[in-house]
Amino acid sequence: MIRRPSLDDLNELENFFLLVIKDTYEKEGLGDLTDDIYNEVQEKIKYIKEDLTSGGKKRYFLLATIDNAIVGTAAYGPSGHFIYDHFPELKDVLELGSVLVHPEYQSQGIGSKLVNGILDELRTFQKAFCLDSGYTKAKKIWTKKFGEPSKVLKDFWGDGYDHYIWNKNL
């Protein structure tokens, strides 16, 4: 089921974010970056709270659940400084982000359903969106879904580890 979040989801979302982000770091070979993982989890919780307190006006999340357990998230919100620092014309373009799927449910179409739901919502009032990624697996997924990135930050994360930014029309 795809649905909007509620205050009752906060504890489960924090655990979900921790699990998925930690798993992503492990799969990317990033090792034990406990502080980075913690900071990323706290950022996602901050974003969820912004959604809940603004009624979806500041940020907008969708959750995927199976048997009432959260198995995926996706959102849109203001583009982050990382994007517009490297692509200034995207400062006022909304960003697709927080697309996370529980490791046991990946590659089953859940992420695609969440992204499609977010893009459908954006289409009601927006002409474009942006997104970025430095994760190896995610870059492959986004390139397959949205085509070649609009900008590549070559070797940004080290030799052979580029960062991609997409600017896409809806």
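Refer to the structure presented above.
Read on for an overview of the structure.

Our next topic: the overall build of the protein. For the protein, the count of helices and strands is 5 helices and 7 strands. Ordered by position from N to C terminus, the α and β elements of the protein give β-α-α-β-β-α-β-α-β-α-β-β. For the protein, whose C-alpha radius of gyration is 15 Å, the value lies close to the compact-globule estimate of 15 Å for 170 residues. Overall, the C-alpha framework of the protein stretches about 40 × 40 × 30 Å when taken along its three principal axes. Each of the 170 residues in the protein was classed as buried or not, and the buried ones make up 42%. Within the protein, contacts between residues at least 6 apart in sequence are counted, and of these 64% link residues at least 24 apart. For the protein, the accessible area works out to roughly 9500 Å², and carbon and sulfur atoms hold 49% of it. Charge separation in the protein, taken as the distance between the mean sites of 22 positive and 27 negative side-chain charges, equals 6 Å.

What follows is about the environment of Glu104. With respect to the helices and strands, Glu104 occurs in the loop between β4 (94-101) and α4 (110-123). Spatially, the C-alpha atoms of Glu104 and Ser6 are 23 Å apart, while their sequence positions differ by 98 residues.

Let's shift gears to a nonpolar patch on the surface. A surface patch of nonpolar side chains, amounting to about 350 Å² of accessible area, comprises Phe156, Trp157 and Tyr161. Turning to its location among the elements, Phe156 is positioned in the loop between β6 (151-153) and β7 (163-169). Residue class for Phe156 comes out partly exposed when judged on its relative accessible area of 33%.

What follows deals with the pattern of salt bridges. On inspection of all chains with the given rule, the structure shows 6 salt bridges. Linking Arg3 and Asp9 is a salt bridge whose minimum nitrogen-to-oxygen distance equals 2.9 Å. Looking at Arg3, the relative accessible area reads 22%, which means it is partly exposed. The shortest N-O distance in the salt bridge between Asp120 and Arg123 comes to 2.9 Å. Of the two residues, Asp120 and Arg123 are both situated in helix α4; the distance of 3 residues between them amounts to about one turn of the helix.

Okay, the pairing of β4 next. The element β4 is extensively covered by neighbouring structure, given that 7 of its 8 residues are classed as buried. Here strand β3 (residues 69-78) runs beside β4; their pairing, made up of 6 bridges, is antiparallel. Of the residues in β4, the one forming a bridge with Gly77 is Glu95.

Within the largest apolar cluster, 22 residues are counted, with the highest numbers of intra-cluster contacts made by Leu96, Ile118, Leu122, Phe129, Leu131, Trp142 and Phe146. Within the residue set of this core, elements represented by two or more residues are β2 (60-66), β3, β4, α4, β5 (128-133), α5 (136-146) and β7. At 6 residues, the largest contribution of residues to this core is made by α4. If near-sequence neighbours (up to four positions away) are discounted, Trp142 is found in contact with Leu96, Val99, Val115, Leu131, Ser133, Gly147 and Trp166.

Backbone phi values are negative for most residues with the exception of glycine, while trans is the configuration of most peptide bonds. For Asn68, which is not glycine, the phi dihedral falls at a positive 65°. Mapped onto the fold, Asn68 is located in the loop between β2 and β3. Positive phi outside glycine occurs at Ser107, with the angle close to 65°. Topologically, Ser107 is positioned in the loop between β4 and α4. Taking relative accessible area as the criterion, Ser107 reaches 75% and is therefore assigned exposed.

The rules behind each value
Residues numbered from 1 in each chain as written. Predicted model: local features only at pLDDT ≥ 70, side-chain atom pairs only at ≥ 80, totals over all residues. Heavy atoms only, no water. Helix = DSSP H or I, 4+ residues; strand = E, 2+ residues; numbered from the N terminus. Rg over C-alpha atoms; globule rule 2.2 N^0.38 Å. Buried < 20%, exposed > 50% of the residue type's maximum accessible area, 1.4 Å probe, protein only. Contact = heavy atoms within 4.5 Å. Areas by Shrake-Rupley, 256 points an atom, 1.4 Å probe, with all protein chains shown as cover. Lys, Arg positive; Asp, Glu negative; His and termini not counted. Charge placed at Lys NZ, Arg CZ, Asp CG, Glu CD. Patch = residues over 30% accessible without salt bridge, like charges linked within 9 Å, V, L, I, M, F, W, Y side chains within 5 Å. Salt bridge = Lys/Arg side-chain N within 4 Å of Asp/Glu carboxyl O. Pairing = 2+ DSSP bridges. Core = buried A, V, L, I, M, F, W, Y, C linked by side-chain atoms within 4.5 Å.

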